[in-house]
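Summary of the model geometry
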Amino acid sequence: MKPIKHAVKSILATAVLAVGVSSAQAAPTTALYLTMDGSGSISGAQFTQQITSYVTALNNVFTATPALFGKVAIGGGIFGANFSQFFATQEITDATILGNLTSALSALDPGRGGINTGATAIGDAITLSANALTAYETGLGADIKLLIDVTTDGGNNLGSDPAIVANAVTPPIDSVNCLGIGGAANCSWVGSSGTNFGNAADFVAFQGALEAKLRQEFDVPEPGTLAVLGLGLLGMVASRRKQ
């Protein structure tokens, strides 16, 4: 019986490392800035769906991986022709702070009051997002991982070139990423500055694509990973007993 117990302990230790629990505890702090498109090509209903997707994805990721609390800081802003910050970069230490972030998202006006919706100034939004993140890092007095997340349903048509800006801000920003929504979205400017996560089919499909992107950026396992490892563990124990 002892060999089986030793085998179980060994497999459990391997499973913990495989799903990143130990590494999550030792991982460097990450600051993520959500740079969200609020331009006029997005209807009021689509904008509401976009907000719902953000709230759902963030809640799902943190609920599935509570070790992220205290390891991740998040800020966010919305852009059209101009830019407006809706949440100053803050460490997400618990469910209350996460709720403050999702409440700030939910409070955004579907009519986008205060945002000039007449254009899509992605490059300018990246510059302001980078300024917010670097100011946060300076305030911490620590060197942390800085990520900018652009989501858009279109392409840049005003202000600075996002490709030039993205390259100019990396470093100190570690990565400028982009996730498109719909067939007209253009994230090709990303280049070597970050990751082009491609395009979600539409605003309904956006939530799933956003959640997968956040998991990848935070380096956390998909929900099914633990289940697969658990089945493997049971199979190995049963095999040992038969032997």
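As a reminder, the structure under discussion sits directly above these lines.
Report on the accompanying structure. In this text, all values refer to a predicted model and were calculated from it rather than measured experimentally. (Residues numbered from 1 in each chain as written. Predicted model: local features only at pLDDT ≥ 70, side-chain atom pairs only at ≥ 80, totals over all residues. Heavy atoms only, no water.)

Okay, helix H3 (residues 44-64) next. An ideal rise of 1.5 Å per residue puts 30 Å on 21 residues; H3 measures up with 30 Å between its terminal C-alpha atoms. Of the residues making up H3, those classed as buried are Phe47, Gln50, Ile51, Ser53, Tyr54, Val55, Ala57, Leu58, Val61 and Phe62. Contacts made by the buried residues of H3 are with strand E1 (30-37), strand E2 (72-79), helix H4 (95-106), strand E4 (145-152), strand E5 (175-181) and helix H7 (206-218). (Helix = DSSP H or I, 4+ residues; strand = E, 2+ residues; numbered from the N terminus. Expected span 1.5 Å × (residues − 1). Buried < 20%, exposed > 50% of the residue type's maximum accessible area, 1.4 Å probe, protein only. Contact = heavy atoms within 4.5 Å.)

Right, let's get into the packing of aromatic side chains. The final tally for this structure, using the stated rule, is 4 aromatic pairs. Ring centres of Phe62 and Phe69 lie 5.1 Å apart, and the angle between their planes is 45°; this geometry places the pair in the tilted category. On the numbers, 6.4 Å between centres and 65° between planes, the contact of Phe62 with Phe218 is edge-to-face. Here Phe218 lies in helix H7 and Phe62 lies in helix H3, a separation of 156 residues in the sequence. For the residue pair Phe62 and Phe218, the accessibility class agrees, reading buried in each case. For Lys213, the ring lying beneath its charged end belongs to Phe197, and the centroid distance is 5.9 Å. (Phe/Tyr/Trp six-rings, centres within 6.5 Å; stacked < 30°, edge-to-face > 60°. Lys NZ or Arg CZ within 6 Å of the ring centre and 35° of its normal.)

Attention now moves to the pattern of salt bridges. All told, the structure shown has 3 salt bridges when counted by the stated rule. Overlapping salt bridges bring together Asp149, Lys213 and Glu217 as one network. (Salt bridge = Lys/Arg side-chain N within 4 Å of Asp/Glu carboxyl O.)

Tracing the chain through its elements places Arg215 in helix H7. Once the C-alpha coordinates of Arg215 and Asn60 are considered, the two residues, 155 residues apart in sequence, prove to be 9.9 Å apart.

The subject of this paragraph is the sheet that holds strand E3 (residues 83-91). What the 6 strands build is an open sheet, ordered E3-E2-E1-E4-E5-E6; its pairing is mixed. Each edge of the sheet is formed by a strand with only one pairing partner; in this case those strands are E3 and strand E6 (196-200). Direction aside, neighbouring strands of the sheet carry axes that sit 15° apart on average. In the sheet, E2 pairs with E3 via 6 bridges, with the strands oriented antiparallel. Within E3, the position partnered with Ile74 by the bridge is Gln90. (Pairing = 2+ DSSP bridges. Axes fitted to C-alpha atoms, helices over the stretch in contact; angles between N-to-C directions.)

What follows covers the packing of helix H5 (residues 122-140) against helix H6 (residues 162-169). Running from amino to carboxyl end, H5 crosses H6 at an angle of 15°, the nearest separation of the two axes being 8 Å. As judged from the angle between their axes, H5 and H6 are roughly parallel. Here H5 and H6 pass one another in a crossing that is left-handed. Here H5 contributes Ile122, Gly123, Ile126, Thr127 and Ala130 to the contact with H6, which in turn contributes Pro162, Val165 and Val169. Residues that form the contact of H5 with H6 fall into these classes: 6 nonpolar, 2 polar and no charged. (Parallel < 35°, antiparallel > 145°, perpendicular 65-115°, else oblique. Left-handed = near helix turned anticlockwise from the far one by under 90°. Nonpolar A, V, L, I, M, F, W, Y, C, P; charged D, E, K, R; others polar.)

Here we take up the nonpolar core. Counting residues in each nonpolar core, the largest one holds 36 residues, and the members touching the most others are Leu58, Ile74, Leu101, Leu105 and Phe218. Secondary structure elements with two or more residues in this core: E1, H3, E2, E3, H4, E5 and H7. Ranked by residues supplied to this core, first place goes to H3 with 8 residues. The contact partners of Leu58, leaving out residues within four places of it in the chain, are Leu34, Ile74, Leu98, Leu101, Leu105 and Leu214. The next biggest cluster of nonpolar side chains, apart from the first, holds 25 residues, and it includes Tyr136, Leu146, Val165 and Ala166. (Core = buried A, V, L, I, M, F, W, Y, C linked by side-chain atoms within 4.5 Å.)

Let's shift gears to H4. Since one α-helical turn is 3.6 residues long, residues separated by three or four positions face the same way. Given a rise of 1.5 Å per residue, 12 residues ought to cover 16 Å, and the 16 Å separating the end C-alpha atoms of H4 matches this to within 8%. Among all positions in H4, only Ile97, Leu98, Leu101, Thr102, Ala104 and Leu105 are buried. Considered in projection along H4, the buried side chains sweep an arc of 155° and stay on one side of the axis. Away from the buried face of H4 by more than 90 degrees, exposed residues Ala95 and Thr96 are located. In this fold, the buried residues of H4 make contact with E1, H3, E2 and E3. (Arc of directions from axis to C-beta.)

By the definition in use, this model includes 1 disulfide. With its sulfur 2.0 Å from that of its partner, Cys178 forms a disulfide with Cys187. The S-S bond linking Cys178 to Cys187 shows a torsion near -55°; that makes this disulfide left-handed. There is no split in this pair, since Cys178 and Cys187 are both buried. (Disulfide = S-S within 2.5 Å.)

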